[in-house]
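# Observations on the model geometry
The primary structure of each chain is shown beneath.
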Amino acid sequence: MDSSHGKKRMNVEDEDRLSGLPDELIHKILSFIGIKQAIQTSVLSSRWRFIWTSMPYLNFSRNDFHGMPNFSEFVTHVLSGRNNQAEVSSVKLSFHGEDAYVIAEQIMKYAFSHNIQKLNVACVFDNDNVKFPLFLSSSRSLKHLSVTKERFPLTVYRWRHPFSYAFKATSILELPALTTLYLHDVTFCCDENPVECIDLFSKCANLKSLTLKGCYIYGITGIRIRPPLLSNLTLESVGGNVEVFGIVAPQLKNLTIRGSFVRDHEYLISAPDLVFLLYSGYDHLQLYTNGFLSLEKADICVSSPKDAHQVLRLLQHLHSVKSLTLNLEIVELLSSSVELMSRQPSPFVNLKSLKIHPAREEVPEHDSVKMSAEVKSYLLDGSSGATFTMVTREEIRATRNTKLAQNRIIYIGVGLAL
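Predicted model only: the values in this text are computed from it and were never measured.

### A few points about the overall build of the chain
A count of helices and strands for the chain gives nine helices and 22 strands. Out of the 418 residues in the chain, the part that is buried amounts to 46%. Long-range pairs, those at least 24 residues apart, make up 63% of the contacts in the chain between residues at least 6 apart in sequence. Summed over all atoms, the accessible surface of the chain reaches about 21700 Å², with 53% contributed by carbon and sulfur.

Put into structure tokens, the structure is as follows:
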């Protein structure tokens, strides 16, 4: 009897302790679950009955509902039952299909009218004609925007190519408070006639971090990127008609470019304060710049280099770098064209570390070339104190085989133990 009474008293105390927390902290705890589950906590006690109505974090997922009518009814219930005086600081949306888009737009309009600061949208459609809501393109409060392609049900899109949102080139983003923009599998397009060059982010004066990943650009041959406060920029597998990226970023510190297999791009870059550069691609990086005088680290990987002249031009752009990583295939190409370096001094006067590693583990025997003395001198003679590390394909294969053997021994040991 005493034991039962003690357990009840502990439960009451635990409930009181949780209910005694300030609303802001309870809201933060509930933000880790969906709004559907947050509403279900209203049955716990009178203290929790209406606490969801002032939550500044809204998390909606179409996959939480069996049918579209249920999803629509739930959204209407949430928006109509919510405290209209409470702001919406963050919204997460996950949905697929044009029917759900209408409901998602209803949520975004509500959030827009309640000074939303952070919006994460994961979506997928049957076609590429669904335009990003124009009212969000001119938000005065939005600070963080992420638009990605949802991981859709395979049974729904088994035979069709899925799409995310499309941005019209004429609808330049006017988001003065925006600091972070992440766009994955988003389409950029012009209305009718092709556009030579456009500055999509000119009215995002506070943008500091920009990522374009897997985006498709058509009808536009040039993209300007020049937010004055931009410090981190990632361009990854951007395809379509775009030929030139013009980047003017006086405060840019980190630049990552992962090459598209679709076609070559030219990068015209003015970034005097650049500290870190990473390039990884199948083709050469066509780079034009007025110099990276503050460059600390560069990691360059061209998996199938074919033009030694282009490689040398790229290396000369990196002359101020202190830590340089190159893939072995670049070194092998240069070692087959040593005459190009015979009268050229090493451009690297600040180099402290040079690392070489293969991008491909297996190559035909006739394509494998040892690093020549001329190439080593070209890379290192300008910095006598630089450390040099080189990983060969044989070493990588040996490491892989050792791990396989170790895993096999573990597997055999487990089998014997059973």
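Next, the rest of the story.
### As for the confidence of the model for the chain
With 85% of its residues at a pLDDT of 70 or more, the chain has an overall mean of 84. Ignoring residues within four places in sequence, the model shows residues 154–161, a span with pLDDT below 50, making ten contacts including any to other chains.

### A few points about the pairing of strand β21 (residues 353–357)
One face of the sheet, then the other: side chains in a regular strand alternate in exactly this way. Judged from the five bridges that link them, strand β20 (residues 323–327) and β21 form a sheet pairing that is parallel. From the neighbouring strand, Leu324 faces β21, where its bridge partner is Leu354. Since β20 and β21 lie parallel, the crossover through helix α7 (residues 328–335) that links them has a hand, and here it is right-handed. Of the pairings in the sheet, the one linking β21 to strand β22 (residues 387–390) comprises four bridges and is parallel in character. Bridge pairing in β22 links Leu354 to Phe388.

### Things to note about unusual backbone geometry
Look at Asn115: it is not a glycine, yet its phi comes out positive at around 60°. With respect to the helices, strands and loops of the structure, Asn115 is situated in the loop between α5 (98–112) and β3 (118–124). The phi torsion at Asp185 lies on the positive side, around 60°, for a residue other than glycine. For Asp185, the position within the fold is in the loop between β6 (180–184) and β7 (187–189). For Asp185, a relative accessible area of 23% translates into the label partly exposed.

### Comments concerning the environment of Phe388
Here Phe388 lies in strand β22. With a relative accessible area of 29%, Phe388 lands in the partly exposed category. Here the alpha-carbon distance between Phe388 and Lys376, two residues twelve residues apart in the chain, equals 9.6 Å. Residues within four places of Phe388 in sequence aside, it is in contact with Leu354, Ile356, Met371, Lys376 and Leu380.

### Structural notes on helix α6 (residues 308–317)
Each full turn of the α-helix corresponds to 3.6 residues, which orients residues three or four apart in the same direction. Along α6, the positions that sit buried rather than exposed are Ala308, Val311, Leu312, Leu314 and Leu315. Relative to the axis of α6, the buried residues are bounded by an arc of 160° and lie together on one face. Elements in contact with the buried residues of α6: β18 (286–289), β19 (297–302), β20, α7 and α8 (373–380). For α6, the side-chain oxygen to backbone nitrogen distance between the N-cap and His309 is 2.9 Å, and the N-cap itself is Asp307.

### Topic: the pattern of salt bridges
Throughout the structure, instances matching the rule amount to nine salt bridges. When the shortest N-O distance is used, the salt bridge between Asp199 and Arg226 registers 2.5 Å. With a gap of 27 residues between them, Asp199 in strand β8 (residues 195–199) and Arg226 in the loop between β11 (220–225) and β12 (232–236) connect regions that are remote in the sequence. For Asp199, a relative accessible area of 8% gives the class buried. Measuring nitrogen to oxygen at the nearest pair gives 3.6 Å for the salt bridge that ties Arg397 to Glu394. Here the residue Arg397 and the residue Glu394 both occupy positions in helix α9 (residues 393–417), the gap between them amounting to three residues, near one helical turn. Here the residues in one salt-bridge network are Glu329, Glu332, Arg360 and Arg393, joined through shared partners.

### Digging into the packing of α6 against α7
Running from N to C, α6 and α7 cross one another at 115°; their axes reach a closest spacing of 9 Å. Where α6 crosses over α7, the two elements pack in a sense that is left-handed. Where α6 approaches α7, its residues Ala308, Val311, Leu312 and Leu315 are matched on the opposing element by Ile330, Leu333 and Leu334. The class makeup of the residues in the contact of α6 with α7 is seven nonpolar, no polar and no charged.

### Looking at α8
Within the span of α8, buried status applies to Val375, Tyr378, Leu379 and Leu380. Next to the buried residues of α8 lie α6, β20, α7, β21 and β22.

### With respect to the environment of Thr325
Assignment of secondary structure puts Thr325 in strand β20. Assessed through its relative accessible area of 7%, Thr325 is described here as buried. Through-space distance from the C-alpha of Thr325 to that of Ile300 is 6.1 Å; in sequence the pair is 25 residues apart. Beyond its immediate sequence surroundings of up to four residues, Thr325 is in contact with Ala298, Asp299, Ile300, Lys355 and His357.

Conventions we followed
- Residues numbered from 1 in each chain as written.
- Predicted model: local features only at pLDDT ≥ 70, side-chain atom pairs only at ≥ 80, totals over all residues.
- Heavy atoms only, no water.
- Helix = DSSP H or I, 4+ residues; strand = E, 2+ residues; numbered from the N terminus.
- Buried < 20%, exposed > 50% of the residue type's maximum accessible area, 1.4 Å probe, protein only.
- Contact = heavy atoms within 4.5 Å.
- Areas by Shrake-Rupley, 256 points an atom, 1.4 Å probe, with all protein chains shown as cover.
- pLDDT = per-residue confidence, 0-100.
- Pairing = 2+ DSSP bridges.
- Right-handed = clockwise from strand over helix to strand, strands pointing away.
- Arc of directions from axis to C-beta.
- Polar contact = N/O pair within 3.5 Å; in protein donor to acceptor, adjacent residues only side chain to side chain.
- Salt bridge = Lys/Arg side-chain N within 4 Å of Asp/Glu carboxyl O.
- Axes fitted to C-alpha atoms, helices over the stretch in contact; angles between N-to-C directions.
- Left-handed = near helix turned anticlockwise from the far one by under 90°.
- Nonpolar A, V, L, I, M, F, W, Y, C, P; charged D, E, K, R; others polar.

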